[in-house]
Amino acid sequence: MSTPKNKTTNKIKDGLIALLETAPLEDITVTALCETAGINRATFYYHYDSVSAVFDELESKLEDEFNRFLTRTAIAGDSSPEKSFYVMFFEFVARNATLCKMILNSPHPGNNSFLTRAMESGRYKVTDMMTALYPNCTKTKIDFYYMFVSHGFLGLLEYWLNSGMKEPVDSMAEVGERVAFMGAKYLET
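Residues numbered from 1 in each chain as written. Predicted model: local features only at pLDDT ≥ 70, side-chain atom pairs only at ≥ 80, totals over all residues. Heavy atoms only, no water.

S.K.: Would you mind going over the nonpolar core in detail, with residue names and values included?
M.R.: Ranked by internal contacts, the top residues of the largest apolar core, which has 59 residues, are Leu16, Phe44 and Phe90. Of all the secondary structure elements, the ones that give two or more residues to this core are helix H1 (4-20), helix H2 (30-37), helix H4 (51-70), helix H5 (83-95), helix H6 (97-105), helix H7 (113-133), helix H8 (139-162) and helix H9 (169-188). The element that contributes the greatest number of residues to this core is H8, accounting for 10 residues. Residues contacting Phe44, with those up to four places away along its chain left out, are Ile12, Val30, Leu33, Cys34, Ile39, Asp49, Ser50, Val51 and Val54. (Core = buried A, V, L, I, M, F, W, Y, C linked by side-chain atoms within 4.5 Å. Buried < 20%, exposed > 50% of the residue type's maximum accessible area, 1.4 Å probe, protein only. Helix = DSSP H or I, 4+ residues; strand = E, 2+ residues; numbered from the N terminus. Contact = heavy atoms within 4.5 Å.)

S.K.: An account of unusual backbone geometry is requested, with residue identities and associated values reported.
M.R.: Glycine aside, residues mostly have negative phi, and peptide bonds are mostly found in the trans state. You will see that Met165, though not glycine, has its phi angle at about 50 degrees, which is positive. Within the secondary structure layout, Met165 lies in the loop between H8 and H9.

S.K.: Lay out the packing of aromatic side chains with the relevant residues and their values.
M.R.: Considering all chains together, one arrives at seven aromatic pairs under this definition. Judged by centre distance (6.0 Å) and plane angle (35 degrees), the ring pair of Phe44 and Tyr48 falls under tilted. With a centroid separation of 5.8 Å and 45 degrees between ring planes, the pair formed by Phe90 and Phe153 is classed as tilted. Placement of Phe90 in helix H5 and of Phe153 in helix H8 is noted, with a sequence separation of 63 residues between them. What makes Phe90 buried here is its relative accessible area of 0%. Three or more aromatic residues link up through ring pairs in this structure, and these residues are Phe89, Phe90, Phe153 and Trp160. (Phe/Tyr/Trp six-rings, centres within 6.5 Å; stacked < 30°, edge-to-face > 60°.)

S.K.: Give me the pattern of salt bridges: which residues, what numbers.
M.R.: Within the structure shown, the criterion is met by six salt bridges. For Arg117, the salt bridge identified is with Glu63, shortest N-O distance 2.7 Å. Within this pair, whereas Arg117 is found in helix H7, its partner Glu63 is found in helix H4, the two being separated by 54 residues in sequence. Of the residues examined, Glu63 reaches a relative accessible area of 16% and is grouped as buried. Note that Glu65 is salt-bridged to Arg95, the shortest N-O span being 2.4 Å. Linking Glu65 in helix H4 with Arg95 in helix H5, this pair joins segments that are 30 residues apart in sequence. The exposure class assigned to Glu65 is buried, which follows from its relative accessible area of 17%. By relative accessible area, Arg95 is classed as exposed at 53%. (Salt bridge = Lys/Arg side-chain N within 4 Å of Asp/Glu carboxyl O.)

S.K.: Give a description of H2 that names residues and reports values.
M.R.: Those residues of H2 that fall on the buried side of the exposure criterion are Val30, Leu33, Cys34 and Ala37. Along the axis of H2, the buried positions cluster into a sector of 100 degrees, meaning they face one direction only. On its buried face, H2 is in contact with H1, helix H3 (41-47) and H4. Among the residues trailing H2, Gly38 stands out with phi positive, at a value near 70 degrees. (Arc of directions from axis to C-beta.)

S.K.: Account for empty space enclosed by the protein, with residues named and values stated.
M.R.: This model, assessed by the stated rule, comprises one cavity of 30 Å³ or more. When its volume is computed, the largest cavity comes out at roughly 570 Å³. If you trace the largest cavity, you find 30 residues lining it, with Phe66, Phe89, Gly122, Tyr146 and Phe153 closest to the centre. Listing elements by their share of the lining of the largest cavity, those giving two or more residues are H4, H5, H6, H7, H8 and H9. Broken down by class, the residue content of the lining of the largest cavity amounts to 27 nonpolar, two polar and one charged. (1 Å grid on protein atoms, 1.4 Å probe; cavity = no way out; pocket = protein on both sides within 12 Å on 5 of 7 lines; lining within 4 Å. Points joined across faces, edges and corners; volume = space filled by probe spheres on them. Nonpolar A, V, L, I, M, F, W, Y, C, P; charged D, E, K, R; others polar.)

S.K.: Explain H8 residue by residue, including any values.
M.R.: Between its first and last C-alpha atoms H8 spans 34 Å; for 24 residues at 1.5 Å apiece the expected length is 34 Å, and the two agree. At the C-terminal side of H8, Gly164 shows a positive phi close to 85 degrees. (Expected span 1.5 Å × (residues − 1).)

As structure tokens, this is what we get:
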């Protein structure tokens, strides 16, 4: 059940997401956010200190969801990727498209703290997964693989988000899976 406080903070967060579609975070004012959310400034300041505080809360929620996602199994019993893992990843991005797009496209380094932490969390997940699949492979080689594939994956996400997500989630999941596993052939040598 949604409380009046939750309804108000949700309106504020939804308003910020809507504004991020057309303006960078640093250009969004409390006044503009209040107008978009349909609230007054006193109500805004009752819940938040600044527009950045609203963004920080959105980013924290996004990070929590991303970390829950990373706990899922990515490898099936036959050592092949779980297709659902890739589908779930692109569904996560699609659900959070505005925030993901803003984070990926932002030239402001402060906005990329989530991206840095997400990349590091992904690195641990992939390193563990690839070490299990390729026990004779060196850590350095696995790191090379991760850096190559993860940056390619970021480019793929950026392209997909910036082109309006025209391709369906399943198609993007297939591309991600193929790229990741074609790159994994490097670990076999």
